[in-house]
Amino acid sequence: MCLLLAGLSWGSEVYFSPEGGIQNQIVRRIERAHTTIDIAMYSFTAGPIAQSLAEARARGVVIRVIRDVGQ
């Protein structure tokens with residue numbers, strides 16, 4: 001898996017998995033979010049990411065997810 005993180009304030013970064021630290025980077029970005037998080041994915045199985053998203057929502061971050069209906 002490959003992940004490209006892009007943002008206006010911090011540039012772009014690329015991470016590879018399984019040994020590239022993708023999950024940790026995603027959790028860090030979720031923890032930094034203040035207003036919105038937009039996610040597009042095929043499958044979602046990562047507990048730490050789910051927990052971070054729940055915490056973000058609890059602090060008022062709007063979260064939108066596009067995912068495969070079969071997953």
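Residues numbered from 1 in each chain as written. Predicted model: local features only at pLDDT ≥ 70, side-chain atom pairs only at ≥ 80, totals over all residues. Heavy atoms only, no water.

We now examine the overall build of the chain. When you go through the chain residue by residue, the secondary structure sums to 2 helices and 4 strands. The order of helices and strands in the chain, counted from the N terminus, is β-β-α-β-α-β. If you take every contact in the chain between residues at least 6 apart in sequence, the share linking residues at least 24 apart comes to 42%. (Helix = DSSP H or I, 4+ residues; strand = E, 2+ residues; numbered from the N terminus. Contact = heavy atoms within 4.5 Å.)

The next thing to look at is the packing of helix H1 (residues 22-32) against helix H2 (residues 47-58). Taken N-terminus to C-terminus, the directions of H1 and H2 make an angle of 5 degrees; their axes are 9 Å apart at the nearest point. Between H1 and H2, the crossing angle belongs to the class labelled roughly parallel. On H2, the residues that touch Gln 23, Ile 26, Val 27, Ile 30 and Glu 31 of H1 are Pro 48, Ile 49, Ser 52, Leu 53 and Ala 56. Classifying every residue of the contact of H1 with H2 gives 7 nonpolar, 2 polar and 1 charged. (Axes fitted to C-alpha atoms, helices over the stretch in contact; angles between N-to-C directions. Parallel < 35°, antiparallel > 145°, perpendicular 65-115°, else oblique. Nonpolar A, V, L, I, M, F, W, Y, C, P; charged D, E, K, R; others polar.)

Moving on, we come to the pattern of salt bridges. Evaluation of the coordinates by the stated rule reveals 1 salt bridge. In this structure, Arg 64 and Asp 38 form a salt bridge, with 2.7 Å as the shortest nitrogen-oxygen distance. In this pair, Arg 64 is assigned in strand S4 (residues 62-67) and Asp 38 in strand S3 (residues 36-41), connecting sequence segments 26 residues apart. Exposure remark for Arg 64: the relative accessible area of 54% places this residue in the exposed category. (Salt bridge = Lys/Arg side-chain N within 4 Å of Asp/Glu carboxyl O. Buried < 20%, exposed > 50% of the residue type's maximum accessible area, 1.4 Å probe, protein only.)

Within the largest apolar cluster, 11 residues are counted, these being Val 27, Ile 30, Ala 33, Ile 37, Ile 39, Met 41, Ala 46, Ile 49, Leu 53, Ala 56 and Val 61. Secondary structure elements with two or more residues in this core: H1, S3 and H2. Excluding anything up to four places from it in sequence, Ile 39 contacts Leu 53, Ile 63, Arg 64, Val 65 and Ile 66. (Core = buried A, V, L, I, M, F, W, Y, C linked by side-chain atoms within 4.5 Å.)

Quick look at the environment of Asn 24 now. Tracing the chain through its elements places Asn 24 in helix H1. The sequence separation of Asn 24 and Ile 49 amounts to 25 residues, and the corresponding C-alpha distance is 8.6 Å.

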